[in-house]
Amino acid sequence: MTNMERICGIVSEVTGIAADTIAGDPAACQSEIDTLDLTEIILEVEEQFDMIVEDDEHITSVAELIRCVEAQIA
């Protein structure tokens, strides 16, 4: 399973949006994700990937979170 698939799975669990919909176009589902959901997603990603997303990253979307994770893992 790729990092993106794992993140999309987490987003799907939190929001109820289908993971394949998120994977196809993370920006398209952004209007359905509020800040509380995004905070919960970030916390779960931190736990699953054993990493910390710093506040100065200013993550405001799933696409930004995916890029942040990929950058930290690479």
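My aim in this report is to walk through the structure given alongside it, one point at a time. Residue positions are given per chain, counting from 1 as you read along its sequence in written order. In keeping with the predicted nature of the model, local features appear solely for residues at pLDDT of at least 70, side-chain atom pairs appear and are counted solely at 80 or more, and the whole-chain, interface and lining totals rest on all residues. Hydrogen atoms and water are omitted, and side-chain values are computed over all heavy atoms in the structure.

As for its position among the elements, Asp20 is in helix H2 (residues 19–24). Only protein chains enter the accessibility calculation, which uses a 1.4 Å probe; a residue is then buried when its area is under 20% of its type maximum, exposed when over 50%, and partly exposed in between. By relative accessible area, which is 60% here, Asp20 ends up exposed. Along the primary structure Asp20 and Glu47 are separated by 27 residues, whereas in three dimensions their C-alpha atoms are 22 Å apart. For helices the rule is a DSSP run of H or I covering at least 4 residues; for strands it is a run of E covering at least 2, with both sets numbered from the N terminus onward.

Before going further, it helps to spend a moment on a negative patch on the surface. Patches draw on residues past 30% relative accessible area with no salt bridge. Two like charges within 9 Å are joined, as are two nonpolar side chains (Val, Leu, Ile, Met, Phe, Trp, Tyr) within 5 Å. For the area figures, the Shrake-Rupley method with a 1.4 Å probe applies, and any residue is considered shielded solely by the protein chains shown. The term salt bridge refers to a side-chain nitrogen of Lys or Arg lying within 4 Å of a carboxyl oxygen of Asp or Glu. Working convention for charge: Lys and Arg count positive, Asp and Glu count negative, and His plus the chain ends are omitted. Here the site of a charge means NZ on Lys, CZ on Arg, CG on Asp, or CD on Glu. A surface patch of negative charge is lined by Glu54, Asp55, Asp56 and Glu57. Relative to the elements of secondary structure, Asp55 occurs in the loop between helix H3 (35–49) and helix H4 (62–73). The class for Asp55 is exposed, based on a relative accessible area of 72%.

What follows covers the side chain of Asn3. Tracing the sequence through the fold places Asn3 in helix H1 (residues 3–15). When its relative accessible area of 19% is taken as the criterion, Asn3 is described as buried. With sequence-adjacent residues up to four places away left out, Asn3 is seen in contact with Phe49, Glu70 and Ile73. We call two residues in contact when some of their heavy atoms are within 4.5 Å.

Take the buried residues of types Ala, Val, Leu, Ile, Met, Phe, Trp, Tyr and Cys, join any two whose side-chain atoms come within 4.5 Å, and each joined set is a nonpolar core. Grouped together as the largest cluster of nonpolar side chains are 21 residues, with contacts concentrated most on Ile7, Ile33, Val45 and Leu65. With sequence-adjacent residues up to four places away left out, Val45 is seen in contact with Ile7, Ile10, Asp50, Met51, Leu65 and Val69.

With 12 residues, H4 should reach 16 Å at 1.5 Å per residue; the first-to-last C-alpha distance of 16 Å fits that figure. Listed as buried for H4 are Val62, Leu65, Ile66, Cys68 and Val69. On an axial view of H4, the arc spanned by its buried residues comes to 160 degrees, and they lie on one face. Facing away from the buried side of H4 by more than 90 degrees, the exposed set consists of Arg67 and Ala71. Contacts made by the buried residues of H4 are with H1, H2 and H3. What a helix is expected to span follows from its residue count: subtract one and scale by 1.5 Å. This arc describes the spread of directions from the helix axis toward the C-beta atoms.

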